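Single-letter residue listing:
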Amino acid sequence: MEVSLLGPVRAVRDGVELPVGGPRLKAVLARLALAPGRVVPTGTLIDDLWGAHPPGDAVNALHSLVSRLRKALGDPASVESHATGYRLTAEVDTVRFEHAVGEARDAARAGRHAEAAAGLRAALALWRGEPLTGIGDAGFAAAEVVRLTELRASAVEDRWEADILAGRAADVVADLRTAVAAQPLRERPAALLVRALGMTGQQAEALAAYDRVRRDLADQLGVEPSPGLRDLHLAVLRGELAPRRPPPLTSFVGRTAELARLRALLVERRLVTLVGPGGAGKTRLATVLADELDAPTPFVGLAGVRAEEDVVSGVLNALGGRDAQLFEAMPPKAALDRVVEVLSARPGVLVLDNCEHVVDAAAHLVDAVLARCPGLRVLATSREPLAITGEAVLAVGPLPEADALALFADRAASAGAVVEPDIAAEICRRLDGLPLALELAAARLRSMTPRQVAARLDDRFRLLTGGDRTALPRHRTLRAVVEWSWELLTAEERLLASRLSVFPGGATAESVAAVAGLPVDDVVYVLASLVEKSLVIGGEDRYRMLETVRAYAGEGLTAEVRLAFARHMLAFVTDAEPRLRRPDQVEWLGRLSAEHANLLAAVRVAVSLGEVGLACEIAVRATWFWVVTGRHLEAGQIASELMALPGDVPASTRATLAAYAAFGEFGGMPDREVMRGLLADLADSDAMARFPVMAMLEPLLASAMGDARLAEERLDRAAALADPWGRAAGLLGRAYLADNGGRSGDDDTAAAALAEFRALGDRWGQALSSMHIAEQHSQRGDHPAALRAHEDAVRLVAELGAVDEMVGALARLGVARARADDLAGAERDLGEALRLAEERGGHELAALARFWLASTARRMGDLDRAARLLDEGRAVLTTVDRPSAQWVAIHCCVSADLACATGDAAAAMEWLREAMTAMAATPDMPVTAAIADSAAHAAAAAGDFATAARLVGVGAAIRGRPDAGNPELAALWSTVDAELGTAERISAHDAGAASDQAAALADLAGFLGVRLT
């Protein structure tokens, strides 16, 4: 049990406050707690509780109070009776407080001031308000309150002093000002305030604070300040409390790893150079490191040195080695000797900042002083290495995302702005996490909203101009930062940098050479030089620029160069696209992924130059890459935008893009009139021969339009293609159409497609074929085979690296696990699918994953979670423009099943009517059959078991086969058999199953009261 006296009096056991009610009862508890573990005599208790007016039978009255207290505490042993009085057994916060304060004071006496401050903070955190509150007018309270309050005040002052001595004087100035204002005659807070102000460089304020307390003491008490306070005043006058270095005006954010590495390097090496692009924070990092060092750290900035020959004299001036005008004409060798003399007198770390524009002279100087000053180390900052033997180079690049966000938030707060997380993330991303750019953007928040800043980042050089007026000129605007580095390049380097800037996603040396029209060998060396100078980032045979550098380098790009870029990307994607259907497709998917941003840019560039045909050819060749990697909506959106543009485009290209546009725009189900026109255009072109994916898309379009004859004709055309991949795609399309149409006679078609895709080495085709085969196994009730096929599909999609496709593959695997009664496994896979969908922004898939998770939660008995997941999924689905009918129907079916689980058959029927209405014009028999299965559960919930059995048969007729793998249908059979008997159940089921598909659809629609179209 714990008793708290530092605030309202209370007793707590196991985190629960005990019902100690009434001031007198709390007074007994408090008085005993003030002597924990000791016997308090009866007479003392009576005197302390009642004072001069005890009750007539005070001993019995006290005994009664103790009895009530024991009952309230729930443990008679907590208050022990002794011959002379009573003793409380409990932990008491006053004891803990005084013990913690004592330990902190011991640490302070040993010079461990940071430890002392932390201990005092922990002790003071025990206080919850005024001590001994709630015990009425008990006589003992007043003196104890005074004692405890003074102890607390003394501990607070101890904590302030510990913080000051630990180097955190600035953190306590505000608290000390408040304390002195509240108690102007209390000398210790006044002395601490004078010390804190002096140690933070505020000497005038420290003297003023001393003068105020001196006047107050004289005017109100007629006394002089104590000797200690007078000595402190003299120390301020003498400058003995001045800080070693002025604190920076802004906080240092991030760079934890770089700072640790820099510390280690300066121990290992005598020369370390920080290299990186302008505005990356090299100078600030060097300054922070210098502030940490105990050794002398002269800081020499070379930004103002304009000529190589002036470097030595500039360093000498900064070191204070030029004592008189006599030295103005000092020869270079004499100046160098003087630099060596100065540095030898105080060996430590010399910081040379901004060496890039005088790098040769800086390198020679550093080499000389390191040779002649054996105790010296040098830390240099530059945009390229000094290139001296023994030099350690530490790259300082953009901040990681978390650090960039923290820096931007900090600087935005200084500008009085609070930025929404998504806007802050966009600004940090588009400014590459470059510290100076982020600070300039934050400065703009003084006059613009965050959204205005984000919207104008395309014009970043005009936008980001509000830098610190006291900073170096090249740090006041973003343009000046880049110009400083650009002016240091050779003409050849500028040319290559400009050509590289046309590639937003970076490029290989071969691609840059192709656009520049130069030999690759020459380009490689120039790009390497640009990497050395921090204008280009190199790695794994690719080169890229920070977005700000790229924007500057691309300002002078001509139409000719931009057109060369677009044509180069067409040549690349034309060569790459067929390779996506071969065994080396993973390698080529990697290459295309690396060029993704460039492909998008090439389409935009071609359109901007009026080359619509070129833009369409790039897009149609890139579309299969987008589809394979799961970027279906992206493919459809780009195709839609291009189709709206006039231009000379080959018929097959235009028709193929139109097909992608239709599927992308309408979530997989185009308008019938749109489909009819598309099919006519496709029939008149050689699209299927040029683009093998049309072997699957064209039959799907015809089927979606409801034209089975035309779908079959397109499948026959696919079967006759010369391209084996096209034939395999046609087989897969045939299998999907058979399944969608409720025809179960083509079960071997998917297996044949799988064999073809496997022979070709195409993982995408294998994955889709495996998913289809898995569904067939599941419906037959062969769950082990279904799970193996789904797991194969997940593995194949993982090999492709198609994260978006992985969402669907995992969701299907999760559903298959649920059908196999592995509900924990289902929840795991569906949860991972949901995580990926939300991470990738796939709204429809995120909704679907929630629906299946809700179904799993219902089967696990967690109906509240199921309802919550359904509501969340429905909310997500409402954000989708024209969501697919299938997704709506699935939501409704899962909602109906949940309504049945809660016994609300009427609500279930309403959900199923909505599902059937959504699917009335959509020929997807598996989803419609699922509506029939849910309707069977609703009928059973309403007590109509014969109809339930018939509806299961109707579902089988719609699907084209019974669903032998559905565990909930098996459970339903047990219920119906118990109510009707097996024979009557079979008869009712067979009546529904005997219908042809059209009659079964009509039967289901009639039961739900929905009119089919």
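Residues numbered from 1 in each chain as written. Predicted model: local features only at pLDDT ≥ 70, side-chain atom pairs only at ≥ 80, totals over all residues. Heavy atoms only, no water.

A look at a negative patch on the surface
Step number 1: On the surface, E308, E309, D310 and D360 cluster together into a patch of negative charge.
Step number 2: Locating E309 in the fold gives a position in the loop between β9 (299-301) and α13 (311-319).
Step number 3: A residue is classified by how much of its surface remains accessible, and E309, at 65% relative accessible area, is exposed. (Patch = residues over 30% accessible without salt bridge, like charges linked within 9 Å, V, L, I, M, F, W, Y side chains within 5 Å. Areas by Shrake-Rupley, 256 points an atom, 1.4 Å probe, with all protein chains shown as cover. Salt bridge = Lys/Arg side-chain N within 4 Å of Asp/Glu carboxyl O. Lys, Arg positive; Asp, Glu negative; His and termini not counted. Charge placed at Lys NZ, Arg CZ, Asp CG, Glu CD. Helix = DSSP H or I, 4+ residues; strand = E, 2+ residues; numbered from the N terminus. Buried < 20%, exposed > 50% of the residue type's maximum accessible area, 1.4 Å probe, protein only.)

Structural notes on the packing of aromatic side chains
Step number 1: Applying the stated rule across the entire model yields nine aromatic pairs.
Step number 2: Centroid distance F97 to W127: 5.7 Å. Interplanar angle 80°. Geometry classified as edge-to-face. Of this pair, F97 sits in helix α4 (residues 93-109) while W127 sits in the loop between α5 (113-124) and α6 (141-165), and the two are 30 residues apart along the sequence. Of the two residues examined, F97 and W127, each falls in the buried class.
Step number 3: When the centroid spacing of 5.1 Å and the interplanar angle of 85° are considered together, the rings of F503 and F565 count as edge-to-face. Taken together, the residues F503 in the loop between α22 (491-500) and α23 (509-516) and F565 in helix α26 (residues 559-576) connect sequence positions 62 residues apart.
Step number 4: On the accessibility criterion, F565 (0% relative accessible area) is buried.
Step number 5: Here the aromatic cluster, defined as three or more aromatic residues joined through ring pairs, consists of W624, W725, F757 and W764.
Step number 6: A cation over an aromatic ring shows up here: R581 above the ring of W725, its NZ or CZ 5.4 Å from the ring centre.
Step number 7: The ring of W973 has R985 lying over it, and the distance from NZ or CZ to the ring centre is 4.4 Å. (Phe/Tyr/Trp six-rings, centres within 6.5 Å; stacked < 30°, edge-to-face > 60°. Lys NZ or Arg CZ within 6 Å of the ring centre and 35° of its normal.)

A look at the sheet that holds strand β1 (residues 2-4)
Step number 1: The strand order across the open sheet built from four strands is β3-β2-β1-β7, with neighbouring strands paired in mixed fashion. The sheet terminates laterally at β3 (16-17) and β7 (91-92), the two strands that pair on one side only.
Step number 2: Across two bridges, strand β2 (residues 10-13) lies against β3 in antiparallel orientation. Residue pairing for β3: R13 is matched across the bridge by V16. (Pairing = 2+ DSSP bridges.)

Focus: helix α27 (residues 585-594)
Step number 1: Turning to α27, its buried residues are Q585, W588, L589 and L592. Summarising the axial view, the buried residues of α27 lie within an arc of 105°, below the 170-degree limit, and thus occupy one face.
Step number 2: Elements in contact with the buried residues of α27: α26, α28 (596-608), α29 (612-628), α38 (763-780) and α39 (783-800). (Arc of directions from axis to C-beta. Contact = heavy atoms within 4.5 Å.)

Let's talk about the packing of α26 against α29
Step number 1: It is at 9 Å that the axes of α26 and α29 come closest, and there the two elements cross at 30°. Taken together, the axes of α26 and α29 are roughly parallel relative to one another. Crossing hand, α26 versus α29: left-handed. For the pair formed by α26 and α29, the contact residues are L563, A566, R567, L570, V573 and T574 on the first element and L614, E617, I618, R621 and A622 on the second.
Step number 2: Taken together, the residues that form the contact of α26 with α29 break down as seven nonpolar, one polar and three charged. (Axes fitted to C-alpha atoms, helices over the stretch in contact; angles between N-to-C directions. Parallel < 35°, antiparallel > 145°, perpendicular 65-115°, else oblique. Left-handed = near helix turned anticlockwise from the far one by under 90°. Nonpolar A, V, L, I, M, F, W, Y, C, P; charged D, E, K, R; others polar.)

Comments concerning the environment of F565
Step number 1: A sequence separation of 178 residues divides F565 from A387, and the C-alpha atoms of the two residues are 35 Å apart.
Step number 2: Beyond its immediate sequence surroundings of up to four residues, F565 is in contact with V502, F503, P504, V515, N598, A601, A602 and V605.

A short note on the pattern of salt bridges
Should their charged atoms come close, side chains of opposite charge can pair.
Step number 1: In the structure shown here, the tally under the stated rule is 60 salt bridges.
Step number 2: E577 serves as the salt-bridge partner of R621, at 3.7 Å between the closest nitrogen and oxygen. Of the two residues, R621 is situated in helix α29 and E577 in the loop between α26 and α27; the sequence distance between them amounts to 44 residues.
Step number 3: Given a relative accessible area of 4%, E577 falls into the buried group.

A closer look at the nonpolar core
Step number 1: If you look at the biggest cluster of nonpolar residues, it comprises 231 residues, and the most contacted ones within it are L379, F408, I931 and L1004.
Step number 2: Looking at this core, the element that brings in the most residues is α29, giving 13 residues.
Step number 3: Here L379 is in contact with L262, L266, V272, L274, A286, L289, V349, L350, V351 and L352, once residues within four sequence places are set aside.
Step number 4: Core analysis: the second largest hydrophobic core is formed by 36 residues, V20, A58, V79 and I135 among them. (Core = buried A, V, L, I, M, F, W, Y, C linked by side-chain atoms within 4.5 Å.)

Here we look at the side chain of H357
Step number 1: Assignment of secondary structure puts H357 in the loop between β10 (349-353) and α15 (359-372).
Step number 2: Overall, the relative accessible area of 14% leaves H357 in the buried class.
Step number 3: A distance of 3.0 Å separates the side chain of H357 from the backbone oxygen of L302, its partner in a polar contact.
Step number 4: Here V305 takes part through its backbone oxygen, which lies 2.8 Å from a polar atom of the side chain of H357.
Step number 5: Discounting residues that sit within four places of it in the chain, H357 has contacts with L302, A303, V305, R306, E308, W484 and L488. (Polar contact = N/O pair within 3.5 Å; in protein donor to acceptor, adjacent residues only side chain to side chain.)

Describing the packing of α28 against α29
Step number 1: Relative orientation of the contacting elements α28 and α29 amounts to 155°, with a least axis distance of 8 Å. With respect to each other, α28 and α29 are oriented roughly antiparallel. Both α28 and α29 take part in a crossing whose hand is left-handed. Listed contacts from α29 to H596, L599, L600, A602, V603, A606 and V607 of α28 are V612, L614, A615, I618, A619, A622, F625 and W626.
Step number 2: Grouping the constituent residues of the contact of α28 with α29 by class yields 14 nonpolar, one polar and no charged.

Overview of the confidence of the model for the protein chain
In low-pLDDT regions, the fine details of the predicted coordinates are not to be read closely.
Step number 1: With 94% of its residues at a pLDDT of at least 70, the protein chain reaches an overall mean of 86.
Step number 2: The secondary-structure element of the protein chain with the lowest mean pLDDT is helix α32 (residues 672-683), recorded at 74, while α26 shows the highest, at 95.
Step number 3: The low-confidence segment residues 321-328 (pLDDT under 50) makes 10 contacts with residues lying over four places distant or belonging to another chain. (pLDDT = per-residue confidence, 0-100.)

A look at helix α47 (residues 945-959)
Each turn of an α-helix holds 3.6 residues, which means side chains three or four residues apart point in the same direction.
Step number 1: With 15 residues, α47 should reach 21 Å at 1.5 Å per residue; the first-to-last C-alpha distance of 21 Å fits that figure.
Step number 2: Taken across its 15 residues, α47 has 13 buried, putting it largely inside the fold.
Step number 3: One or two positions beyond α47, positive phi appears at G960, with a value near 95°. (Expected span 1.5 Å × (residues − 1).)

What about the pairing of strand β6 (residues 85-88)?
Step number 1: Pairing of strand β4 (residues 39-41) with β6, which is carried by three bridges, proceeds in the antiparallel orientation. Opposite P41, over in β6, you have G85 as the bridge partner.
Step number 2: Here strand β5 (residues 79-81) folds back onto β6, and the loop between the two strands holds three residues.

Topic: unusual backbone geometry
Step number 1: We note that N354 has phi near 65°; this positive angle belongs to a residue other than glycine.
Step number 2: Secondary-structure assignment places N354 in the loop between β10 and α15.
Step number 3: For N354, a relative accessible area of 6% corresponds to the buried category.
Step number 4: Even without a glycine there, the phi angle at D821 is positive, about 70°.
Step number 5: Mapping D821 onto the fold places it in the loop between α40 (803-819) and α41 (823-840).

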